[in-house]
Amino acid sequence: MAMGAFKSLMDSAKALKDMNDAHVRHGAVIELQEKIFAAQATQTALLEQVGELEKEVADFEAWEADKQRYEMSTTKGGSIVYRLKPGVQPAEPTHDICATCYQRRRKSILQPMQTNAVTSTLAKPNRVRCFECKAELVA
Ligand SMILES: [Zn+2]
């Protein structure tokens, strides 16, 4: 598409030198300028698209490396999570990330849910929450 646009610009520029009529020539100059602006806009859009794709590739590669640090695991309460493998470097405190978000290529650390003073005396099972997809799991 880009090559076709540039060939069209070159053809228009070549045609200019054979034009003797000032009005026709002026119209052709305007038309050529419009084509140049359109080509510049196309190039700018393509460069933005390349930038976005480069960022996507970088995010993809970062996730592919990061996900290797986790393994599928089951909590005491039977929930499926991805748990930080023991001994990975750089070391981090042991934590679980959301299995649903993991499948969506997102890392979301599961956090304990707030329990208020009244219900906490009933010894309910500990629950954790994913703040990304709002899942609540039994820890
Ligand atoms: Zn989640």
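Now for a quick tour of the structure. (Residues numbered from 1 in each chain as written. Predicted model: local features only at pLDDT ≥ 70, side-chain atom pairs only at ≥ 80, totals over all residues.)

1. Focus on the overall build of the protein chain
- Along the protein chain, the regular secondary structure elements total four helices and six strands.
- Secondary structure elements of the protein chain, listed N to C terminal, follow the sequence α-α-β-β-β-α-β-α-β-β.
- Relative to the globule expectation of 14 Å for 139 residues, the C-alpha radius of gyration of the protein chain, 30 Å, shows a markedly less compact shape.
- Oriented by its inertia axes, the alpha-carbon framework of the protein chain measures out at about 95 × 35 × 20 Å.
- The buried share among the 139 residues of the protein chain stands at 7%.
- The contacts of the protein chain with a sequence gap of at least 6 include a subset with a gap of at least 24, amounting to 31%. (Helix = DSSP H or I, 4+ residues; strand = E, 2+ residues; numbered from the N terminus. Rg over C-alpha atoms; globule rule 2.2 N^0.38 Å. Buried ≥ 20, exposed ≤ 12 C-beta atoms within 10 Å, placed from the backbone. Contact = placed C-beta atoms within 7 Å.)

2. A look at the pairing of strand 1 (residues 70–74)
- In this structure, strand 1 lies alongside strand 2 (residues 80–84), joined through five bridges in antiparallel fashion. Residue pairing in the sheet places Ser73 in a bridge with Val81 of strand 2.
- Linking strand 1 back to strand 2 in an antiparallel pair, the connection comprises five residues, with Gly78 at a positive phi of about 95°. (Pairing = 2+ DSSP bridges.)

3. Looking at the sheet that holds strand 2
- In spatial order, the strands read 1-2-3; together these three strands make up an open sheet with antiparallel pairing. Sheet topology places strand 1 and strand 3 (96–98) at the edges, where each strand pairs with a single neighbour. Looking at each pair of strands side by side, their axes are set apart by 45° on average, direction ignored. (Axes fitted to C-alpha atoms, helices over the stretch in contact; angles between N-to-C directions.)

4. Topic: the pairing of strand 2
- Where strand 2 lies against strand 3, three bridges are found, and the strand directions are antiparallel. Paired with Val81 across the bridge in strand 3 is Cys98.

5. Things to note about the environment of Pro90
- Relative to the assigned elements, Pro90 resides in the loop between strand 2 and strand 3.
- The spatial distance from the C-alpha of Pro90 to the C-alpha of Glu61 is 18 Å, given a sequence separation of 29 residues.

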